[in-house]
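# Descriptive structure summary
Here are the chains, one letter per residue:
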Amino acid sequence: MTPWPLDAYLDWPALEAWCRDIAAAHPEWVVLTEIGRTLQDRPILLLTLGANDGAQDERPGFWLDGGTHAAEWAGIMAAAHTASTWLAALVAGAPAEVAWFKRHTAYVVPCICPDGFQAMMEGAPYLRSTPTPPGPGSHRDGLDPTDVDGDGAVRWMRWFDPAGPFVADADVPLFLRARTVDDDPEQACFACPEGEFVHWDGQRWTEAPLKDGLDLNRNFAAHWAPFTMFGMDGGSFPLSAVESRAITEAVAARPFIAAALTNHTYTGALLTQPYRADSPIGDADQRLMEALGRDAVKGTGYTVFRVHPEFTYDASQPITGVWADSLAGTFGVPGYTLELWNPFEFAGLDRPNVAEFFRSPEPAVVRKLIAFYADRPDATPWRSFDHPQLGPVELGGIDYMRTIRNPPLEALPAELGRGFTVADRLRRALPDVQARLECTAVAAGLTEVVLVLENRGYLSTSALARGERVKACPGVAVTLDPGEDLDVVQGALAQGLPHLDGWGTLQTSGAAHPVYPGLPARGHRAVARWWVRGEGRLVVRYTAGRGGMGELEAEI
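I will try to describe carefully the structure that is included in this document. Please read these numbers as outputs of a predicted model, since none were measured by experiment.

Once that is clear, we can look at helix α4 (residues 114-121). Counting buried residues in α4 gives seven out of eight residues, a clear majority hidden from the surface. Here α4 has its buried residues at P114, D115, G116, F117, Q118, A119 and M120. Those residues of α4 hidden inside the fold are in contact with α1 (12-25), β2 (43-49) and α2 (73-91). Positive backbone phi, approximately 95°, marks G123, located one or two places after α4.

Right, here's the structure in full:
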């Protein structure tokens, strides 16, 4: 097979070609599906990895995606690299992976927003998720970020003016510090992204609303509400974007998905529940997800944060419409957000409070961060430019997309490895239901038939208790087909059974405290019994919640 490269950021055409190539080369393990088309008519691709026998969607499933945000290239590369690593092990016949993927399925959407991703790969100004056409009556005026000098990148632009809020730092030229009352007004300047003014009156220096402000990660079902922040919005209604609707419907159509990870950048963190003070996700589910998250990040250097209150911009205004929150709240699936890449650590700095860094950054931290990345050969010192509207200005800056937002190429392999580690551990936490059929003669011509379902996985067969509560997951049920030669003397042909705990579930209940150990109220096993008379062949079919479906047969 063609492995996913570790030393490059591939664009959308290369990513699409790679997905199609591996599906064509390894149909025994990979199925490629288009789950939607974007506004620019690009496919949203889903890779289904597992034994291709037609029953992939009846097995416990793990969901992985990247590219909810167009600028977060490392998340896209990590999703593709993870799929590539799994497939390489399958092609090589690695016993553990072959056994697992015969009994489980992994679903990978490498890039949720191919339109936005490709636009940014081609040098477009920063956009959050995907290009969106303006609505009727919309109007923009002010600075519009664009590549004014045609060098293929949108960097920073500054011009000197006594009313400016910034002053150049003497020792770190690319760092613009906040002006003080002691500074010489002649040294003051304005600064903004490189760009031009649209509908300009020739006088006012203001910023235009974002041309493409839709944030897909505010457009999902969980607690959706009208949203604006940093010029971004959550769409006109939940799932108004084709991308968010496509992946929501894809998960809904695969009810055996039991865990999920969505890749983002940056800060080197795994985000978990709760997302708000009044979260509908119960305390046991929250503790389960946090415990599993801590297991998943061991040795990676990543930190597990509860979104509320540890990773939120304003605790009084809960974040709305998030995909990972929707996975948990709508589907009862433990869904995590992985924020790959810690540019602070790479620069030798302690990671600041992330929300504070965006809302009210510590100048000393920003100065050190820019000083480190300004030393790289891909940084551009300030240079003079004759702006078509402003006249003399200066352009310059660091390569933001390959330093702070995503790893530089020399750091990319290690980061992709960390992303794989987290995803690989989470997929190994899926329910693992073993079924056995016991037939015991109890009298002449009379046989007791017992089906035992046993979950040996970390997660329960409902994944989260929330999944059972909102009826988002399959139930646990068995059906006996006695054929024509057997009579059922006792036991209903179809029986409903309780969900099966996972060993991770037990760690939040009876096994939570080793000083006071105990057993759960429900347990990891469920049993169905029948008595049948006669001789012949019978079949027992079962659905074990998100533990999947199966059947066993016996000759009496």
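With that settled, the discussion passes to the side chain of Q118. Counting through the fold element by element, Q118 comes out in helix α4. You can call Q118 buried: its relative accessible area is 4%. Engagement of the side chain of Q118 in a polar contact is seen with the side chain of E122, the distance being 2.9 Å. Other than its neighbours up to four places away in sequence, Q118 contacts D11, W12, P13 and R42.

In this section: the pairing of strand β15 (residues 303-306). Note that strand β14 (residues 269-272) and β15 share four bridges and pair parallel. Paired with L271 across the two strands is F305, which belongs to β15.

One open sheet accounts for six strands, arranged β8-β7-β9-β6-β18-β17; its pairing is antiparallel. In the strand order of this sheet, the two ends are held by β8 (176-178) and β17 (380-387), each with one partner. Averaged over all adjacent pairs, the angle separating strand axes in this sheet is 45°, with direction ignored. Bridge count for strand β6 (residues 156-160) against strand β18 (residues 391-397) is three bridges, and the pairing is antiparallel.

Right, let's get into the state of the cysteines. Per the stated rule, a full pass over the model turns up zero disulfides. Unpaired in this structure, C19 has its nearest cysteine sulfur neighbour in C111, at a distance of 9.4 Å. C189 provides the cysteine sulfur closest to C192, a residue in no disulfide bond, and the two sulfurs are 10 Å apart. Taking the relative accessible area as the measure of exposure, C192 reaches 15% and is therefore buried.

In this section: the environment of V181. Along the polypeptide, V181 turns up in the loop between β8 and β9 (188-193). The sequence separation of V181 and L49 amounts to 132 residues, and the corresponding C-alpha distance is 62 Å.

What follows deals with unusual backbone geometry. Going from T265 to Y266, the amide bond is cis rather than trans, its omega being 5°. Note that Y266 resides in the loop between β13 (257-265) and β14. Note the cis peptide between H308 and P309, where omega equals 10°. Tracing the chain through its elements places P309 in helix α7 (residues 307-310). In the Ramachandran plot, H223 falls in the positive-phi region, its phi being about 55° despite a non-glycine side chain. Residue placement: H223 occurs in the loop between β10 (195-198) and β11 (228-229).

Moving on: the packing of helix α5 (residues 242-252) against helix α8 (residues 323-331). Between α5 and α8, whose axes approach to 12 Å, the crossing angle comes to 35°. α8 is crossed by α5, and the crossing has right-handed handedness. Of α8, the residues touching α5 (which contributes I247, T248, V251 and A252) are W323, L327 and F331. Of the residues contributing to the contact of α5 with α8, the split by class is six nonpolar, one polar and no charged.

Enumeration over the complete set of coordinates arrives at 18 aromatic pairs. Through pairs of rings, three or more aromatic residues link up here, namely F62, W86, W100, F101 and F420.

This part is about the pattern of salt bridges. In total, this model carries 38 salt bridges according to the counting rule given. A salt bridge links D378 to R376; the shortest N-O distance between them is 3.5 Å. On the basis of relative accessible area, D378 is assigned to the partly exposed category, the value being 23%. Using a relative accessible area of 16% as the deciding quantity, one classes R376 as buried. A salt bridge links E551 to R541; the shortest N-O distance between them is 3.3 Å. One end of the pair, E551, is in strand β26 (residues 549-555); the other, R541, is in strand β25 (residues 537-544), and 10 residues separate them in sequence.

As a further point, take the environment of G467. With respect to the secondary-structure elements, G467 resides in helix α13 (residues 465-469). A relative accessible area of 0% places G467 in the buried class. When sequence neighbours within four positions are dropped, the list of residues in contact with G467 reads F331, G332, S462, A472, C473 and R546.

Once that is clear, we can look at the environment of D11. Positionally, D11 belongs in the segment before α1. C-alpha separation for the pair D11 and M120, spaced 109 residues apart in sequence, amounts to 9.3 Å. In terms of polar contacts, D11 uses its side chain to reach the backbone amide nitrogen of A14, at 3.1 Å.

Procedures and definitions
Residues numbered from 1 in each chain as written. Predicted model: local features only at pLDDT ≥ 70, side-chain atom pairs only at ≥ 80, totals over all residues. Heavy atoms only, no water. Buried < 20%, exposed > 50% of the residue type's maximum accessible area, 1.4 Å probe, protein only. Helix = DSSP H or I, 4+ residues; strand = E, 2+ residues; numbered from the N terminus. Contact = heavy atoms within 4.5 Å. Polar contact = N/O pair within 3.5 Å; in protein donor to acceptor, adjacent residues only side chain to side chain. Pairing = 2+ DSSP bridges. Axes fitted to C-alpha atoms, helices over the stretch in contact; angles between N-to-C directions. Disulfide = S-S within 2.5 Å. Left-handed = near helix turned anticlockwise from the far one by under 90°. Nonpolar A, V, L, I, M, F, W, Y, C, P; charged D, E, K, R; others polar. Phe/Tyr/Trp six-rings, centres within 6.5 Å; stacked < 30°, edge-to-face > 60°. Salt bridge = Lys/Arg side-chain N within 4 Å of Asp/Glu carboxyl O.

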